[in-house]
Amino acid sequence: SMAKPWAGRFNEPTDAFVEAFTASVGFDHRLYAWDIEGSIAHANMLADQGILTDAERAVIVEGLMTIRARIEEGDFTWSVPLEDVHMNIETALTAAIGDAGKKLHTGRSRNDQVATDIRLWLRAEIDLIRQDLDRLQEILLALAEREAATILPGFTHLQVAQPVTFGHHMMAWIEMLARDAERLADCRRRVNVMPLGAAALAGTTFPIDRHATARMLGFDRPAENSLDAVSDRDFAIEFMAAAAILMMHLSRFSEELILWSSAQFGFVELSDGFCTGSSIMPQKKNPDVPELVRGKTGRIFGHLMALLTLMKGQPLAYNKDNQEDKEPLFDAVDNLRGSLRVFADMMAAVTCRPDRMRAAARQGFATATDLADYLVRKGVPFRDAHEIVGRTVALAVREGCDLADLTLDQLQGFSALIEADVFDILSLEGSVAARDHFGGTAPAQVRAAIGRARERLGSR
Ligand code: ARG
């Protein structure tokens, strides 16, 4: 195998198992494009500063681009003895162009290099996740618009509480996803700071221009402090926290879809393409997709704890512990993006069952609060109205009917103030239409909320 770039100081070869144990190339080769991008910018800056000649710059940049093409064509062998993506690429560069390749690492260390690579990679992934989030929101907005006036029982304690509309319920999810998008955008600002130039930990003796490298790589600025630059992984923890909250939202949403698609609720039907059958029970159609999204939430929460724990005992500056940041990050991004994609596709194909939602809303005395409010408007203090309606509900429970099925006579037995117009407010449509203020469930308000959410999405 090729000699290790750091072999000079050593008299004995690395223990064979240690070599495999300490290597990260098996997973960090995923960073190759960003590693090369960072190296090209570094070489250009070195040449602009007169640290490399223009001829050296030209062969280095050319050589790095050739290596990138070879990796993309599958014409590159990753070597475990060369440890990681950085030393693999640098060694291949020197093999291809000779001595100029050995100059690339001037004024740089793998410590600032790897921190730069992960930030470049994560910045790109955050942008893709935000696109996935936009797409999911657009699909939910279309669904909310279609079902803006569809009656759905609203629940508290999983007991029927008050009627809402299906559109209003979808818009609640939109709010959560919009906050997730904001959190990611905010995290991106702290991801987009450049460690390069910190070198191993203290900076370098060469006259580098870190502001120039930062500009070339699209960073907002170089990191202020070289020790912090190579050892900070706050940005990764912060991303993982945002990812965990987002997965928590998808998990709650999944839980609802699993309940709603059961025979007992029957509010929605998931399309066949997003369900699977049973190998023994021929009748089964299982909501595997939302169950798996709910399940994957666990590993993202685990990654957050892993990263926090990874950092808590580390003295300044770089420690090899940090190599352990990559697998959780890669796994989180893959599973988060997969979950967002499958969720959006699934929601685009969901079928609503308005008859089942209406039937459920009629079963739980969902308009009891409306009857209390009706009495309040006639001058009854709210607490007395609450008591009167409580006794009315008790009668309906005994009779086995809904409030709207009681006769005017029966209702007037509880309060002489009740008149025939009570049946308007006891209707489910009357109940939702009456909640007609900013943030309320009236279909007109839901449509206004959809408009505002569209504007928010479109303006970013
Ligand atoms: N593979 C290492 C990592 O992932 C790269 C930096 C190694 N630096 C070092 N001094 N060993 O963090």
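- As recorded in an unreviewed UniProt entry, the chain goes by Argininosuccinate lyase and comes from Thioalkalicoccus limnaeus.

**Considering the overall build of the chain**
- The helix and strand tally for the chain stands at 20 helices and 6 strands.
- Its C-alpha atoms give the chain a radius of gyration of 31 Å, clearly above 23 Å, the size a compact globule of 460 residues would have.
- Relative to its 460 residues, the chain shows a buried fraction of 41%.
- A separation of at least 24 residues holds for 75% of the contacts in the chain among residues at least 6 apart in sequence.

**As for the packing of helix H3 (residues 32-48) against helix H4 (residues 54-72)**
- At their nearest, the axes of H3 and H4 sit 9 Å apart, and the two run at 175 degrees to each other. As far as their axial angle goes, H4 and H3 are roughly antiparallel. Taking contact as the criterion, the partners of Tyr32, Ala33, Ile36, Ser39, Ile40, Ala43, Asn44 and Ala47 in H3 are, on H4, Asp54, Glu56, Arg57, Ile60, Val61, Leu64, Ile67, Arg68 and Ile71.
- In terms of residue class, the contact of H3 with H4 is built from 11 nonpolar, 2 polar and 4 charged.

**A closer look at the packing of helix H15 (residues 368-377) against helix H16 (residues 382-399)**
- Viewed as axis vectors pointing N to C, H15 and H16 meet at an angle of 135 degrees, and their least axial separation amounts to 9 Å. Overall, the two elements H15 and H16 adopt an arrangement that is oblique. For the element pair H15 and H16, the recorded crossing hand is right-handed. Within the contact between the two elements, H15 uses Ala368, Leu371, Ala372, Leu375 and Val376 and H16 uses Phe382, Ala385, His386, Ile388, Val389, Thr392 and Val393.
- A breakdown of the residues in the contact of H15 with H16 according to their chemical character gives 10 nonpolar, 2 polar and no charged.

**Structural notes on the UniProt feature "domain: Argininosuccinate lyase C-terminal" (unreviewed entry) in the chain**
- The UniProt record annotates "domain: Argininosuccinate lyase C-terminal" (unreviewed entry) at residues 365-433.
- Across residues 365-433, helical content stands at 64% and strand content at 0%; the span's end C-alpha atoms are separated by 17 Å.

**Examining the nonpolar core**
- The biggest cluster of nonpolar side chains holds 116 residues, and the ones touching the most others in it are Leu140, Ala144, Phe239, Ala243 and Leu336.
- The element that contributes the greatest number of residues to this core is helix H7 (residues 110-146), accounting for 14 residues.
- The contacts of Phe239, once residues within four sequence positions are left out, are Leu122, Cys187 and Val191.

**A closer look at the environment of His29**
- Along the chain, the position of His29 falls in the loop between helix H2 (25-28) and H3.
- Taking C-alpha positions, His29 is 8.9 Å from Asn88, a pair spaced 59 residues apart along the chain.
- Those residues in contact with His29 that sit more than four places away from it in its chain are Trp78 and Val85.

**Topic: H3**
- Compared with the 24 Å implied by 1.5 Å per residue over 17 residues, the 24 Å span of H3 between its first and last C-alpha is a close match.
- The buried fraction of H3 is high, at 13 of 17 residues.
- Immediately downstream of H3, the backbone of Gly50 shows phi near 75 degrees, a positive value.

**What about the environment of Ser339?**
- Its place among the elements puts Ser339 in helix H13 (residues 326-348).
- Sequence separation between Ser339 and Val289 is 50 residues, and the spatial gap between their C-alpha atoms is 8.8 Å.
- In contact with Ser339, other than residues within four places in its own chain, are Met247, Leu250, Val293 and Lys296.

**Section: the site of the ligand**
- The local shell around the ligand consists of Ser24, Asp28, Asp84, Arg110, Asn111, Val114, Lys320, Asn322 and Gln323.
- Top element by residues in the shell around the ligand is H7. It accounts for 3 residues.
- Looking at the shell around the ligand residue by residue, the class counts come to 1 nonpolar, 4 polar and 4 charged.

**Points about the pairing of strand S2 (residues 159-165)**
- Here strand S1 (residues 151-156) runs beside S2; their pairing, made up of 6 bridges, is antiparallel. Directly across from Ile151, in S2, lies its bridge partner Thr165.
- Connecting the antiparallel pair S1 and S2 is a turn made up of 2 residues, with His157 showing a positive phi of about 55 degrees.

**Remarks on the domain arrangement of the chain**
- The domains assigned to the chain are domain 1 (7-106), domain 2 (117-150 + 157-197 + 224-358) and domain 3 (368-426).
- One C-alpha centre belongs to domain 2, the other to domain 3; they are set 43 Å apart.

**Notes on unusual backbone geometry**
- At the junction of Leu316 and Ala317, the peptide bond is cis and its omega measures out at 0 degrees in the coordinates.
- For Ala317, the position within the fold is in the loop between helix H12 (288-312) and H13.
- Positive phi is not limited to glycine here, since Phe365 has a value of about 55 degrees.
- The topology assignment puts Phe365 in the loop between helix H14 (354-363) and H15.

The rules behind the values
- Residues numbered from 1 in each chain as written.
- Predicted model: local features only at pLDDT ≥ 70, side-chain atom pairs only at ≥ 80, totals over all residues.
- Helix = DSSP H or I, 4+ residues; strand = E, 2+ residues; numbered from the N terminus.
- Rg over C-alpha atoms; globule rule 2.2 N^0.38 Å.
- Buried ≥ 20, exposed ≤ 12 C-beta atoms within 10 Å, placed from the backbone.
- Contact = placed C-beta atoms within 7 Å.
- Axes fitted to C-alpha atoms, helices over the stretch in contact; angles between N-to-C directions.
- Parallel < 35°, antiparallel > 145°, perpendicular 65-115°, else oblique.
- Nonpolar A, V, L, I, M, F, W, Y, C, P; charged D, E, K, R; others polar.
- Left-handed = near helix turned anticlockwise from the far one by under 90°.
- UniProt positions renumbered as here; feature names shortened; annotations may be inferred.
- Core = buried A, V, L, I, M, F, W, Y, C linked by C-beta atoms within 7 Å.
- Expected span 1.5 Å × (residues − 1).
- Near = placed C-beta within 6 Å.
- Pairing = 2+ DSSP bridges.
- Domains from an automatic or database assignment.

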